[in-house]
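# Architecture at a glance
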Amino acid sequence: MLPSKTLAAQSEKSAPGHKSSKERLTIMTCSNATGSHKIKLTVIEKAKKPRSFKGTEMKYLPCDYYHHPKAWMNQVIFSEWFFNVFVPSVQKFQNEKGIPKRAVLLLDNAPSHPSESTLKTPDGKIIVYYLPPNVTSIIQPMDQGVISCLKRRYKMIFLRYLLQEDCFDSMKELLKTWTIKDAIFAVCNAWENVPAITLRLSWPKILDQDYDDEESIEDTVDKDIKACLDLATSIPDFTNVDEDDIVDWLQKDLNEEGFERLSDSDMAVRYGSVTTPSTTEQPDSSSESDNEEHFEKIQTSQAMEAVDVLLNFCKQENFDFHVIGLRKIRSECTDSVQTIRYYGKRIYKINKLTGNENWGTWKFQIRVIMTAADIFDVVTGKSKKPVLTKSSTETEDDTRKRYSVNNSEWKKADNKG
């Protein structure tokens, strides 16, 4: 919880003697684009009921709690969350607000997420859409300042805890009193305190929204840093802490094991086989690892290859009555998707535009893909071709250099588009 050098109490030479806790929780955040509807946090821990939960009924936890031997998300847990938490919560919100009964859940391509064909309501009004691979840090809303804000608010709550608990002789002794239950209640409180404007400002890269007249993400960060500094300097042994120490502390976990950013391929290697079901209603986590079930998402290309093999086999064995059906399956696989390419490389597949019935979804998918490829502004004309204009503060040489760089970047995006 405390870094090795910053925020170490003056009464202790430094914090290196205290080993960082190896306990980890998986937290999943979800909200709508206006910030008016936050889904209750999902928390995954190793134990079915941690020791610190003694005396606490699971139904009274401020989150949806699941357990897994490694505290990881998997396809079974995600499916249960989608149908038992996300869908009912969205439907309730829609009923209360009197808004249309339609919703799309945006997801990254993590292997712990099931196929989008299985994640939809029977009426097809609530569905999921997968973002292009490896663009989480670029356009996924929760990665545009929301999760970092949640972490800051969590650490502010921890500082308040240090301020209130003044009966311990050392920081090490105090840290031992911070339990999994404390962490869960604190992070849920922090989620409640993430402001709606932070959620709204996380969507401009996907939705065409303008919030120029509102508080910026940077303003929120500055306020959080100041609040943390005020709290820290109120703690007796932390009076010499400055703003740089706070910034370092807030960003410290970015380089720690378990917090590093992973690409989709990295996640597939690390978590690809983790699909064991694990919830608060299931047996102890210790018995789950013996009966793991594996669900692999089958890509369209894999299905087409399998159909081709079966077609050749049927022809070889003269099973003519199967050939027509297999050809129909192959045709549907081919016709159902539109392949997006640039420079001859396939980057993503989406459902083909068939008319008014899927125009909205198709338009949104195209926008996401173009934004991920950094060509949206050029394609839509928002980014104009640079013009050679000299400002009063630069030389003619500097003007030509600036124009050359800007024009080169614009042409590159234009060619890609």
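Going by the structure above, here's the rest.
Rules used throughout
Residues numbered from 1 in each chain as written. Predicted model: local features only at pLDDT ≥ 70, side-chain atom pairs only at ≥ 80, totals over all residues. Heavy atoms only, no water. Helix = DSSP H or I, 4+ residues; strand = E, 2+ residues; numbered from the N terminus. Buried < 20%, exposed > 50% of the residue type's maximum accessible area, 1.4 Å probe, protein only. Areas by Shrake-Rupley, 256 points an atom, 1.4 Å probe, with all protein chains shown as cover. Polar contact = N/O pair within 3.5 Å; in protein donor to acceptor, adjacent residues only side chain to side chain. Contact = heavy atoms within 4.5 Å. Pairing = 2+ DSSP bridges. Phe/Tyr/Trp six-rings, centres within 6.5 Å; stacked < 30°, edge-to-face > 60°.

## Some remarks on the overall build of the chain
Counting its secondary structure elements, the chain contains 14 helices and seven strands. Put simply, the chain has 417 residues, and 39% of those count as buried. Of the roughly 24400 Å² of accessible surface on the chain, a fraction of 50% belongs to carbon and sulfur atoms.

## Quick notes on the side chain of Thr121
Of note, Thr121 is situated in the loop between strand S4 (103-107) and strand S5 (126-130). Exposure remark for Thr121: the relative accessible area of 7% places this residue in the buried category. Polar contacts involving the side chain of Thr121 include one to the main-chain amide nitrogen of Lys125, which spans 3.3 Å. Once you skip the residues sitting within four places of it in the chain, Thr121 turns out to touch Val87 and Ile126.

## Thoughts on the pairing of strand S3 (residues 64-67)
Of the two faces of S3, both are covered, the one formed by Asp64 and Tyr66 as well as the one formed by Tyr65 and His67. Here strand S2 (residues 42-45) pairs with S3 via four bridges, running parallel. Directly across from Ile44, in S3, lies its bridge partner Tyr66.

## Overview of the packing of aromatic side chains
By convention here, two paired aromatic rings are described through the distance between centres and the angle between planes. Within this structure, the stated rule accounts for 10 aromatic pairs. Ring geometry for Phe82 and Phe86: centres 5.6 Å apart, planes at 25 degrees, overall stacked. Taken together, the residues span about one helical turn, with Phe82 and Phe86 both in helix H1 (residues 75-97) at a distance of four residues. The buried category is assigned to Phe86, whose relative accessible area is 5%. Taken together, a centroid distance of 5.2 Å and an interplanar angle of 85 degrees make the contact between Phe158 and Trp178 edge-to-face.

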